[in-house]
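Below, each chain spelled out in residue letters.
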Amino acid sequence: MSNLDTTPAATRCGGRADVSAAPVRDLLAGRTVQLGESTEVRRLLPNLGRRMVGAWCFVDHYGPDDIADEPGMQVPPHPHMGLQTVSWLHDGEVLHRDSLGSLQTVRPRELGLMTSGRAIAHSEESPRDHARYLHGAQLWVALPDATRDTAPSFEHHRVLPEVTGGGLHATVILGDLDGAASPGTIHTPLVGADLTLAAGTDARLPLDPDFEYAVLTMSGESHVDGVPLTPGSLLYLGCGRRELPLRADTPASLMLLGGEPFAERIIMWWNFVARTSEEITDARTAWQSATRFGDVHGYDGERLTAPVLPPTPLKPRGRAR
Ligand code: MN
């Protein structure tokens, strides 16, 4: 997915100043963002109250939308730099094309993982013949300085490890949860998991006390560490937890995101994660002049045009808020 804001602000994030070393229960409202003409998403990261959770730096939750008589998701070719994108669906399908030549339909509970490294371009669309409902999340993971210039790649994993117990069914999307590790490639210690809670769930999910965590709701209502949670908000949990109490009276579905606090300071602008203003400017110029990022073949439509850069220099700041 692309940031389709025509005048996006630069977001400075990373650094440990904003990290809660102890457990907290910080409920953060997402905001509604219009993507193109038909798709509305709930943006949970970056958030006014929080910009990153571990290396997770961008989270959009969309749907469930009835797209029976609509084109559905139509995100034209656009570039990425310095990050990984995670496509995660509960309903529907997304056809991914990229400048490496990948052509892959990603279906519910399969991992579509694109590592941009220094440069990649991709498009995402609902296929012409698509399921009635589209429901999913698009997430970005910031790459650390040591590997952000790595070669771009795309991975598709149909089979992911699962952890079950006490009414809870967890699918490990990325990283490691309770000893079960996703096959997806990661570059910093982190976890992303899909949590399905059956009616009557009363479970405790083992966590890593060195990670910071947050939870978002995909569907239903639940109580996470006692906090009632519904779709549209993000519950930041801080670090220092060895387990997380989860309860649900009726079926619910959550995503758990966590990771070692991301100590490096970064700048996010449009679809790029960088360290300096010059890198952002250069990447924008490269995309506009159709160099570096490569071409996406087969998408029926024009590539996205980069938005105008904000007037002030984009400098990383010492404090993340
Ligand atoms: Mn994208």
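In this text, all values refer to a predicted model and were calculated from it rather than measured experimentally.

Caption draft 1: Molecular detail of the overall build of the chain. When you go through the chain residue by residue, the secondary structure sums to one helix and 26 strands. Relative to the compact-globule value of 20 Å for 321 residues, the chain shows a C-alpha radius of gyration of 19 Å, a close match. Projected onto the principal axes, the alpha-carbon positions of the chain cover approximately 55 × 50 × 30 Å. Counting all 321 residues of the chain, 57% fall into the buried class.

Caption draft 2: Examining the sheet that holds strand 10 (residues 111-115) more closely. Reading across from one edge, 3-4-5-12-7-10-13 is the order of the seven strands in this open sheet, with antiparallel pairing throughout. The open sheet is flanked by strand 3 (31-35) and strand 13 (153-157), the only strands paired with a single partner. Within the sheet, the average angular offset between the axes of one strand and its neighbour, ignoring direction, is 20°. For strand 3 and strand 4 (residues 39-45), the ladder comprises five bridges, and the chain directions are antiparallel. Across the sheet, residue Arg 31 finds its bridge partner in strand 4, namely Arg 43.

Caption draft 3: Just the sheet that holds strand 11 (residues 120-125), in detail. One open sheet accounts for four strands, arranged 6-11-8-9; its pairing is antiparallel. The strands lining the two open edges of the sheet, one partner per strand, are strand 6 (74-80) and strand 9 (103-106). On average, adjacent strands in this sheet sit at an angle of 20° to one another, irrespective of strand direction. Bridge count for strand 8 (residues 94-98) against strand 11 is four bridges, and the pairing is antiparallel. Bridge pairing in strand 11 places Asp 98 opposite His 122.

Caption draft 4: View of the nonpolar core. One finds Trp 56, Val 86, Leu 139, Leu 174, Leu 216, Met 255 and Ile 266 to be the most contacted residues of the largest nonpolar core, which totals 36 residues. The dominant element in this core, judged by the number of residues it contributes, is strand 12 (residues 133-142), at five residues. Excluding anything up to four places from it in sequence, Leu 216 contacts Leu 44, Val 59, Ser 233, Leu 234, Ser 253, Leu 254, Met 255 and Leu 257. In terms of nonpolar packing, the next biggest core, distinct from the first, is built from 27 residues, Leu 168, Leu 205, Val 224 and Leu 254 among them.

Caption draft 5: How the structure looks around empty space enclosed by the protein. The tally for this structure, following the rule as stated, stands at one cavity of 30 Å³ or more. In this structure, the largest cavity is lined by 12 residues; those nearest its centre are Gly 15, Asp 18, Val 19, Met 52 and Glu 212.

Caption draft 6: The arrangement of the pattern of salt bridges in detail. Overall, the coordinates contain 11 salt bridges when judged by the stated rule. One salt bridge in this structure joins Arg 132 and Asp 66, with 2.8 Å as the shortest N-O distance. Here Arg 132, found in the loop between strand 11 and strand 12, pairs with Asp 66, found in strand 5 (residues 56-66); they are 66 residues apart in sequence, far enough to count as distant. Two residues, Arg 204 and Glu 243, come together in a salt bridge whose shortest N-O distance is 2.7 Å.

Caption draft 7: Examining the side chain of Ser 222 more closely. Structurally, Ser 222 can be placed in strand 20 (residues 222-224). Those residues within four positions of Ser 222 in sequence are excluded, and the remaining contacts are Leu 197, Val 227, Pro 228, Leu 229, Arg 247, Ala 248, Ala 252 and Leu 254.

Caption draft 8: A look at the side chain of Gln 84. Summarising the element assignment, Gln 84 is placed in strand 7 (residues 83-91). At 2.9 Å, the side chain of Gln 84 and the side chain of Thr 115 are in polar contact. Within polar-contact distance, the side chain of Gln 84 engages the backbone oxygen of Thr 185 at 2.9 Å. Not counting the four nearest positions on each side in its chain, Gln 84 is found in contact with Leu 113, Met 114, Thr 115, Leu 139, Trp 140, Val 141, Leu 143, Thr 185, Ile 186 and His 187.

Caption draft 9: Here's a closer look at the environment of Ala 214. Mapping Ala 214 onto the fold places it in strand 19 (residues 212-219). For the pair Ala 214 and His 297, spaced 83 residues apart in sequence, the C-alpha to C-alpha distance is 37 Å. Ala 214 has contacts with Val 53, Leu 234, Leu 235, Tyr 236, Leu 237, Met 255, Leu 256 and Leu 257, leaving out every residue within four places of it along the chain.

Caption draft 10: The packing of aromatic side chains, seen in detail. Summed over the entire model, instances satisfying the criterion amount to seven aromatic pairs. Here the aromatic rings of Trp 287 and Phe 293 are separated by 6.1 Å at their centres, their planes lie at 75°, and the arrangement is edge-to-face. Owing to a relative accessible area of 1%, Trp 287 belongs among the buried residues under this scheme. For Phe 293, a relative accessible area of 2% corresponds to the buried category. Above the plane of the ring of Tyr 236 lies Arg 50, whose end atom (NZ or CZ) is 3.5 Å from the centre. Against the face of Trp 287 rests Arg 303, its NZ or CZ located 3.6 Å from the ring centre.

About the criteria used
Residues numbered from 1 in each chain as written. Predicted model: local features only at pLDDT ≥ 70, side-chain atom pairs only at ≥ 80, totals over all residues. Heavy atoms only, no water. Helix = DSSP H or I, 4+ residues; strand = E, 2+ residues; numbered from the N terminus. Rg over C-alpha atoms; globule rule 2.2 N^0.38 Å. Buried < 20%, exposed > 50% of the residue type's maximum accessible area, 1.4 Å probe, protein only. Pairing = 2+ DSSP bridges. Axes fitted to C-alpha atoms, helices over the stretch in contact; angles between N-to-C directions. Core = buried A, V, L, I, M, F, W, Y, C linked by side-chain atoms within 4.5 Å. Contact = heavy atoms within 4.5 Å. 1 Å grid on protein atoms, 1.4 Å probe; cavity = no way out; pocket = protein on both sides within 12 Å on 5 of 7 lines; lining within 4 Å. Points joined across faces, edges and corners; volume = space filled by probe spheres on them. Salt bridge = Lys/Arg side-chain N within 4 Å of Asp/Glu carboxyl O. Polar contact = N/O pair within 3.5 Å; in protein donor to acceptor, adjacent residues only side chain to side chain. Phe/Tyr/Trp six-rings, centres within 6.5 Å; stacked < 30°, edge-to-face > 60°. Lys NZ or Arg CZ within 6 Å of the ring centre and 35° of its normal.

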